[in-house]
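# Fold and contact review
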Amino acid sequence: MPASIPPLPAAEPADVREVRELARTWADASGLRGWLTTVDHKRIAKRYVMTAFAFFALGGIDALIMRTQLLRPENQLVGPDRYNQLFTVHGTNMMFLFAVPVMLAMGLYMVPLLVGARNVAFPRLNALGYWVYLFGGILLWVALLSDTGPDTGWFSYVPLSGPEFSPGKRVDVWAQMITFTEISGLISAVEIIVTALKCRAPGMTLGRMPIFVWAMLVTAFMVIPSLSMIATASQMLAMDRLVGTHFFNVAEGGDPLLWQHFFWWFGHPEVYIIFIPATGFISALLPAFTRRPVFGHNAVVLSSIATAFLGFGVWVHHMFATGILQLASSFFTATSIMITIPTAVQIFCWIVTIWTGRLQFTTSFLFILGFFVTFIIGGLTGVMLASVPFDQQVHDSYFVVAHLHYVLLGGGAFPLFAAIYYWFPKWTGRMLSERMGKLHFALWLVGVNLTFFPMHLLGLDGMPRRVYTYPDGMGWTGNNQLATAGAYVIALSVLAFVGNVLWSARRGVRAGDDPWVSDSLEWGTSSPPPPYNFARPPVVQGRAPLWDRTPDAPVVVGLATDRREILVTTAMDAEPDHRHPDPEPTIWPFVAAIAVSVFFIALMFTPWAVVFGSALLFPPLVAWGWPRRPNQAPGVTTPAEGGA
């Protein structure tokens, strides 16, 4: 039976002895050992974010090379083979190694703090997810640098990616990299779901849960079916290539279109896996910069849920050119237009919030305004592409490239930068420079629009995408030169951002615990937070926990200080359920990730890797789960003994 929870008395500040004991209990080992063994959600999430931005920079260099190649007709900076690798790795990198991981990483850092928890639900699994993600990313970039990078596009359509048309290991690298990153993504999703539903502070009912946590919860529920689908499909492709199955081989009864269905059933929801957390950022930030709660809390939450459901019903609009039935085209046109409704509801709620608020024009708020302008352009061109006749005219042209980047940069990158400027003081205890931030914003806004707006015109003029050069006299040169100039302006903006982060992390103005006077729980602890997050987890009294808090607000007491322990609450009403031991740091997730990497990479060469790879993985998994009996207090159960 779970341990009983003591009653929640009125708030008492944690004494010095208690805080010191908590710091000692939750601290990581020093040096390399601590770096490899940590299970602190904050350290792991920061690694995710920094690694994702490193991959973002590498993908940006790819883009600069491609844009320089297209600066003038018949340019010979790179040849067709290298160009194919560059655009494939650029798309794969940005979608699988940057956009989705960085959004989930923001959730892994902020969700426990926003719900008043001391850690994520499964800390060791969280560590494994990061290492697997890192090794998968390294595989992709080592392959590109060794001239074996994937070259069939980020969607790797068959039969082009099948064994007949793509011999060698380039497509196998792509397929296995997908498996790495999807395992990592699935782990992150499970962490967020269980943390949001079972680790909330007492009093934080589902109705009081922050909109950002709702957004991450909805996203995590989208991740499980969509990423499972692409991981399964990529293994089917790998089997076609390695052991001669025929899932996609039409000559042997397979179906190439099956791959497109699998891929886009994952691929279009992936856009919302990037977009919905971004909407959560906006809803989390607006109260601080408008000095009022978000208008229409329930409408915004329900809109996120509706977007998630509809997001799984629009994938065929990527396949209008494949000759599907007219009835199916009509259905998917309707759903593709319908999905704008919940997004419009959210946008109108934010506009009302801004219209009726007392505005503070910080860098974060400017990025939110930039989101409105850029994302709405991308959304409108999305409605145009939902129309079958128009889609077939511009299919595989630069118009689609422009639309995709307006949606992803407008709907993902602008809110992400806003969130980083907002939460950077929480992570480091120092403010980012507002002057450098506004320079970053101005360059980013100009660069994005200068790069991608001319691509609409290129697409309407008939320029196909994924071409390494083009002949003179087509009328495409001017717009390509504008797009290339814009790409370099984007690069300058990223340099301004990186310089700001590096300088401010060491010399920025000290932030204090709550520099924005915000309403949410993460600002109720120190900045940066201690390893245990909250010495005494709070009890939530309203949707704006810090603004609604009364002087006699109760806190949670009774959790152990001499061992890692968290409070588990009920899913609906967040009533205290039981105490649960939190795992100690360990090396085994790192060792298991190495074994997984050897397994997957060897699988590109021989099916026998299933045998020896499993044998290699078995010892670290056994050591990871090996039962221990530490100095356990009476009444605290472990999972093996029947605890949750």
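Residues numbered from 1 in each chain as written. Predicted model: local features only at pLDDT ≥ 70, side-chain atom pairs only at ≥ 80, totals over all residues. Heavy atoms only, no water.

## Some points on the overall build of the protein
Counting secondary structure elements, the protein contains 19 helices and two strands. A compact globule built from 644 residues should have a C-alpha radius of gyration of about 26 Å, and the protein, at 25 Å, falls within 12% of that. On the principal axes, the C-alpha backbone points of the protein span a range of 75 × 60 × 50 Å. A buried classification covers 57% of the 644 residues belonging to the protein. A separation threshold of at least 6 residues defines the contact pool for the protein, and within that pool the share at least 24 residues apart is 80%. (Helix = DSSP H or I, 4+ residues; strand = E, 2+ residues; numbered from the N terminus. Rg over C-alpha atoms; globule rule 2.2 N^0.38 Å. Buried < 20%, exposed > 50% of the residue type's maximum accessible area, 1.4 Å probe, protein only. Contact = heavy atoms within 4.5 Å.)

## Some thoughts on the confidence of the model for the protein
Looking at the protein as a whole, its pLDDT mean stands at 92, while 95% of the residues score no less than 70. Across residues 1-11 the pLDDT falls below 50, and counting only partners more than four positions away or on other chains, this stretch makes 31 contacts in the model. Low confidence marks residues 632-644, where pLDDT is under 50. Its contacts with residues over four positions away, or in another chain, come to 21 contacts. (pLDDT = per-residue confidence, 0-100.)

## Observations concerning unusual backbone geometry
For residues other than glycine, phi is negative in most cases, and the peptide bonds are mostly trans. Residue Val158 is joined to Pro159 through a cis peptide bond whose omega torsion reads 5 degrees. The topology assignment puts Pro159 in the loop between helix H5 (123-145) and helix H6 (170-198). Geometrically, the link from Ser527 to Pro528 is a cis peptide bond, its omega value of 0 degrees lying close to zero. If you check the backbone angles, Asp147 has positive phi at about 65 degrees while not being a glycine. Within the element layout of this structure, Asp147 appears in the loop between H5 and H6. Judged by its relative accessible area of 36%, Asp147 falls in the partly exposed class. Even without glycine at this site, Ala574 takes up a positive phi of about 55 degrees. Relative accessible area serves as the criterion here: at 1%, Ala574 is assigned to the buried category.

## Considerations on the nonpolar core
Soluble globular proteins tend to pack their nonpolar side chains together in the buried interior. Core analysis: the largest hydrophobic core is formed by 187 residues, its most contacted members being Phe53, Trp423 and Trp444. Ranked by the residues each element gives to this core, the list is headed by helix H4 (residues 80-114), at 22 residues. (Core = buried A, V, L, I, M, F, W, Y, C linked by side-chain atoms within 4.5 Å.)

## Let's talk about the packing of aromatic side chains
One pass over the structure, following the stated rule, counts 58 aromatic pairs. Judged by centre distance (5.9 Å) and plane angle (75 degrees), the ring pair of Trp350 and Phe371 falls under edge-to-face. With Trp350 in helix H11 (residues 340-355) and Phe371 in helix H12 (residues 363-385), this residue pair connects regions lying 21 residues apart in the sequence. The same class applies to Trp350 as to Phe371, namely buried. Taken together, a centroid distance of 6.4 Å and an interplanar angle of 75 degrees make the contact between Trp350 and Phe372 edge-to-face. Here Phe372 lies in helix H12 and Trp350 lies in helix H11, a separation of 22 residues in the sequence. (Phe/Tyr/Trp six-rings, centres within 6.5 Å; stacked < 30°, edge-to-face > 60°.)

## Side note on the pattern of salt bridges
If you walk through the whole model with that rule in mind, you get 17 salt bridges. Note that Glu21 and Arg17 form a salt bridge whose closest N and O atoms lie 3.4 Å from each other. Residue Glu21 and its partner Arg17 are both found in helix H1 (residues 16-26); the two are separated by four residues, about one turn of the helix. Between Arg466 and Asp396 there is a salt bridge, with its nearest N and O atoms 3.1 Å apart. Here Asp396 lies in the loop between helix H13 (388-394) and helix H14 (398-428) and Arg466 lies in the loop between helix H15 (434-460) and helix H16 (477-507), a separation of 70 residues in the sequence. Classification of Arg466 by relative accessible area gives partly exposed; the value is 28%. (Salt bridge = Lys/Arg side-chain N within 4 Å of Asp/Glu carboxyl O.)

## Things to note about the environment of Phe155
Along the chain, the position of Phe155 falls in the loop between H5 and H6. Relative accessible area serves as the criterion here: at 7%, Phe155 is assigned to the buried category. Measuring from C-alpha to C-alpha, the distance between Phe155 and Ala419 comes to 29 Å, with 264 residues separating the pair along the chain. With sequence-adjacent residues up to four places away left out, Phe155 is seen in contact with Trp174, Trp259, Phe263, Trp264 and Arg466.

## Quick look at the pairing of strand S1 (residues 565-569)
Taken across its five residues, S1 has five buried, putting it largely inside the fold. Alternating positions in S1 separate into two faces, Glu565, Leu567 and Thr569 on one and Ile566 and Val568 on the other, with burial throughout. Pairing geometry for S1 and strand S2 (residues 576-581), over five bridges, is antiparallel. The residue of S2 that forms the bridge with Glu565 is Pro581. (Pairing = 2+ DSSP bridges.)

## Considering the environment of Arg430
Residue position: Arg430 is located in the loop between H14 and H15. Residues Arg430 and Gly499, 69 residues apart in the sequence, show an inter-C-alpha distance of 15 Å. In contact with Arg430, other than residues within four places in its own chain, are Phe424, Pro425, Ser504, Ala505, Arg506, Arg507, Gly508, Val509, Arg510 and Ala511. Within the structure, the side chain of Arg430 is placed 2.7 Å from the backbone oxygen of Gly508, a separation counted as a polar contact. (Polar contact = N/O pair within 3.5 Å; in protein donor to acceptor, adjacent residues only side chain to side chain.)

## Here we look at the packing of H6 against helix H7 (residues 211-242)
For the pair H6 and H7, interaxial distance at closest approach is 8 Å and the crossing angle is 155 degrees. Judged on the interaxial angle alone, H7 and H6 are roughly antiparallel. Of the two elements, H6 crosses H7, and the hand of that crossing is left-handed. Of the residues in the contact of H6 with H7, the class split is 22 nonpolar, six polar and three charged. (Axes fitted to C-alpha atoms, helices over the stretch in contact; angles between N-to-C directions. Parallel < 35°, antiparallel > 145°, perpendicular 65-115°, else oblique. Left-handed = near helix turned anticlockwise from the far one by under 90°. Nonpolar A, V, L, I, M, F, W, Y, C, P; charged D, E, K, R; others polar.)

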